[in-house]
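Summary of structural features
Spelled out from the first residue to the last, the chains are:
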Amino acid sequence: MTAVTGYKSTPYTSLSTYFQLDDSWKSASGRGVSVAIIDSGIDASHPDLHGRIIESVEARFDKKRIVFDMSEAGDSAGHGTACAGIVAKIAPEAEFYSVKVLGAGGLGDGQAFLAGLEYAIKKRCRVINLSLGTTKPQFFSPLHDLLDRAYQAGCIVVAAANNLPHPSFPSVFSSSLISVVKSEETDPLNFGFHFGEVIELTAPGVNVRTAWLDGGYRNLTGNSFACPHIVGVIALILEKYPGLTPFQVKSALYSIAKENQRKLEA
Amino acid sequence: MTDANELPVKLQRLIETIDIANILTEPLTQSIANLLQVSAAEINSDEASVLIRDGDQGGLRFLSATGEAAGKLLNLKVPAGKGIAGFVLSSGQPMAVSDVGEEKSFYPEVDKSTGYSTQMILATPLNYKDEIIGVLEYINRRGDPPFEPFTPVEMDKAALFAEAIASLVNAYESAKLFRDFGEKVFEGENKDDIADMRNWLNARRDSAEHREMLDLAVLMREIASRGEGERKICRELLESILRFSESKSETSFVNF
């Protein structure tokens, strides 16, 4: 039982003031939880992901604006498929929204990545996987605004740290998103939470075997692959507790990680 | 025909332009290559390479490389969005793949050109002042496969080397920009002048006097590149020749 206590002034009527998690989420499958993967697209024909992708869109520059078209282009890089594959392994019944912002033709611009995030928020995807970031300071403020919007819309944004000497956005923001760095742990449920550090969560990200292009699999290392592990865990929790707010989900992760730590020390 | 008096001035500027190209960019490419070699040894990688942006559509080209395939890699281009490097450039996220194999995303054309067999890659972005200017790649371990995957500690080391290499790449790009700008200014000045000068140079190719002058210019550049001591001695010698020549009005370089 993961007890997460909040302020309880009057007998509570909804989950928003007080909530308590039992371990039922550990046997959940992420059923009905919408997960956006803002990345290089997803290869829908991969056996691990077949039938799980609800919608695929692709960013396109229309003069100076970025618009999203329905896309059957799949994934040209493998990265988005790898991230979705990790989420699907933990939460096999999660519903994926592929938002392609990386690829050929000048995509990969910070502007496209912000537009992709905005798209996923408008779609009200419950969990948003951002295994990418930007170090350009001009995106600091717009990203902050977008993450606040995500928070208010109940979307939980999970971002990968870049692990470079420069800070990258949005992973260094702490209030309105969950940021993740890789660890050598292999059990996805055995993640860590380090309150007070810039990047609070640690999850498996070293030599992770996951889906790749052409129905294949690859062993990959990077924070990009730690991030979807946490997304998968959140999808499990949200299946059982769909009313949780982003703040409550973060509290739940904190409590679960503390429990993991306690077991480790015992 | 251009006034013959202007031509030595133009010739001098041409030599200066060539000097900028060589003097500014050469030590930088050498430093990048040296640092690559040191980092490859530190990360226990067989091949290391630096790819820089090629155009503004996400393409890359190899600027520097170490290892047996290095010569074949130089100036090889990787189209936008192709390969692990293309992805790292667009996403800004470092990553390692320990079993590349034959796959679309790997862009096997590079291996086809070099005859090398890539098994694993560690790629990290080159950041300079908030911009991603290229990608640093390490390929395979030293020795024979099977290879141990790249570790998180090696990824962190690669990020630190990337920091230093990015500064050098930026300096190289600036020097190259300066050189290209110089050439553009020179070309844009007057296209007819350039044609005239080429003709003039061609006409004098066999002239012993001008060949000697060009030889002298090349020799001076060679001495100047040797070091401060050499430059000082050369300057003192040339100045004393000049003083001697000025004091004896009947003496010229031609019959000295």
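Keep in mind that this is a model prediction, so the values were computed, not measured. (Residues numbered from 1 in each chain as written. Chains lettered and ligands numbered in written order. Predicted model: local features only at pLDDT ≥ 70, side-chain atom pairs only at ≥ 80, totals over all residues.)

Moving on, we come to the overall build of chain A. A count of helical and extended segments in chain A gives five helices and 13 strands. Taking all 266 residues of chain A together, the buried fraction comes to 55%. (Helix = DSSP H or I, 4+ residues; strand = E, 2+ residues; numbered from the N terminus. Buried ≥ 20, exposed ≤ 12 C-beta atoms within 10 Å, placed from the backbone.)

For helix 1 (residues 79-90) of chain A, built from 12 residues, the straight-helix expectation of 16 Å at 1.5 Å per residue is met to within 8% by its first-to-last C-alpha distance of 17 Å. Within the sequence span of helix 1 of chain A, burial applies to His79(A), Gly80(A), Thr81(A), Ala82(A), Cys83(A), Ala84(A), Gly85(A), Ile86(A), Val87(A), Ala88(A) and Ile90(A). (Expected span 1.5 Å × (residues − 1).)

For the rest of this paragraph, the subject is the sheet that holds strand 12 (residues 208-211) of chain A. What the eight strands build is an open sheet, ordered 12(A)-13(A)-4(B)-5(B)-6(B)-1(B)-2(B)-3(B); its pairing is antiparallel. A single partner strand is all that each edge strand has here, and the edge strands are strand 12 of chain A together with strand 3 (77-78) of chain B. Pairing of strand 1 (residues 45-54) of chain B with strand 2 (residues 59-65) of chain B involves six bridges; the strand directions are antiparallel. Bridge assignment links Ile52(B) to a residue of strand 2 of chain B, and that residue is Arg61(B). Contacting strand 1, strand 2, strand 3, strand 4 (95-97), strand 5 (121-128) and strand 6 (131-141) of chain B, helix 3 (residues 83-91) of chain B runs over the sheet at an angle of about 35° to strand 5 of chain B. (Pairing = 2+ DSSP bridges. Contact = placed C-beta atoms within 7 Å. Axes fitted to C-alpha atoms, helices over the stretch in contact; angles between N-to-C directions.)

A separate point is the sheet that holds strand 10 (residues 192-193) of chain A. All names here are of chain A. Read from one edge to the other, the open sheet built from nine strands follows the order 5-4-6-3-7-8-9-11-10, with strand pairing classed as mixed. Only two strands of the sheet have a single partner each, and these edge strands are strand 5 (65-70) and strand 10. Bridging between strand 10 and strand 11 (residues 201-204) involves two bridges; their strand directions are antiparallel. Paired with Gly192 across the strands is Thr202, a residue of strand 11.

Residue and element names in this part refer to chain A. Look at helix 2 (residues 110-122): 18 Å from first C-alpha to last across 13 residues, which is about the 18 Å you get at 1.5 Å a residue. With 11 of 13 residues buried, helix 2 lies mostly within the body of the structure. Among the residues of helix 2, Gly110, Gln111, Ala112, Phe113, Leu114, Ala115, Gly116, Leu117, Tyr119, Ala120 and Ile121 are the ones counted as buried. With its phi angle positive at about 55°, Arg124 sits one or two positions after the end of helix 2.

Tracing the sequence through the fold places Ile241(B) in helix 8 (residues 228-247). Taking the C-alpha atoms as reference points, Ile241(B) and Ser117(B), 124 residues apart in sequence, are found 59 Å from one another.

The next thing to look at is the nonpolar core. One finds Val35(A), Ile128(A), Val158(A) and Val180(A) to be the most contacted residues of the largest nonpolar core, which totals 133 residues. Apart from the residues lying within four places of it in its own chain, the contact partners of Val35(A) are Val87(A), Ala94(A), Glu95(A), Phe96(A), Tyr97(A), Cys125(A), Val127(A), Asn129(A), Val231(A) and Ala235(A). (Core = buried A, V, L, I, M, F, W, Y, C linked by C-beta atoms within 7 Å.)

Of the residues in chain B, 70% have a pLDDT of 70 or more, and the chain-wide mean is 78. Taken over the whole predicted complex, pTM reads 0.78, whereas the ipTM for its chain interfaces reads 0.83. (pLDDT = per-residue confidence, 0-100.)

Bringing the interface of chain A and chain B into the picture now. Listed per partner, the contact involves 41 residues of chain A and 27 residues of chain B. Counting residues per element, the side of chain A that touches chain B draws most heavily on strand 13 (residues 217-221) of chain A, which supplies four residues. Here the side of chain A that touches chain B is built from residues that sort into 13 nonpolar, 23 polar and five charged. Judged from the two bridges that link them, strand 13 of chain A and strand 4 of chain B form a sheet pairing that is antiparallel. Looking across to strand 4 of chain B, one finds that Leu220(A) is bridged to Val97(B). (Nonpolar A, V, L, I, M, F, W, Y, C, P; charged D, E, K, R; others polar.)

Moving on to the pairing of strand 11 of chain A. In the sheet, strand 9 (residues 178-183) of chain A pairs with strand 11 of chain A via four bridges, with the strands oriented parallel. Of the residues in strand 11 of chain A, the one forming a bridge with Val181(A) is Thr202(A).

Residue and element names in this part refer to chain A. Structurally, Ile86 can be placed in helix 1. When the C-alpha atoms of Ile86 and Pro188 are compared, they prove to be 9.5 Å apart, with 102 residues separating the residues in sequence. With sequence-adjacent residues up to four places away left out, Ile86 is seen in contact with Val208, Thr210, Phe225, Pro228, His229 and Gly232.

What follows deals with the confidence of the model for chain A. Of the residues in chain A, 89% have a pLDDT of 70 or more, and the chain-wide mean is 87. Taken as a whole, residues 5-17 of chain A scores under 50 in pLDDT and shows 13 contacts with residues more than four places along the chain or in a different chain.

Helix-helix packing is described using two parameters, namely the angle between the two axes and the distance between the axes. Residue and element names in this part refer to chain A. Here helix 2 crosses helix 3 (residues 140-153) at 15°, and the two axes come no closer than 10 Å. Put simply, helix 2 runs roughly parallel to helix 3. The way helix 2 lies across helix 3 gives a crossing that is left-handed. On helix 3, the residues touching Leu114, Leu117, Glu118 and Ile121 of helix 2 are Pro142, Leu143, Leu146, Arg149, Ala150 and Ala153. Each residue belonging to the contact of helix 2 with helix 3 can be placed in one class, and the counts come to eight nonpolar, no polar and two charged. (Parallel < 35°, antiparallel > 145°, perpendicular 65-115°, else oblique. Left-handed = near helix turned anticlockwise from the far one by under 90°.)

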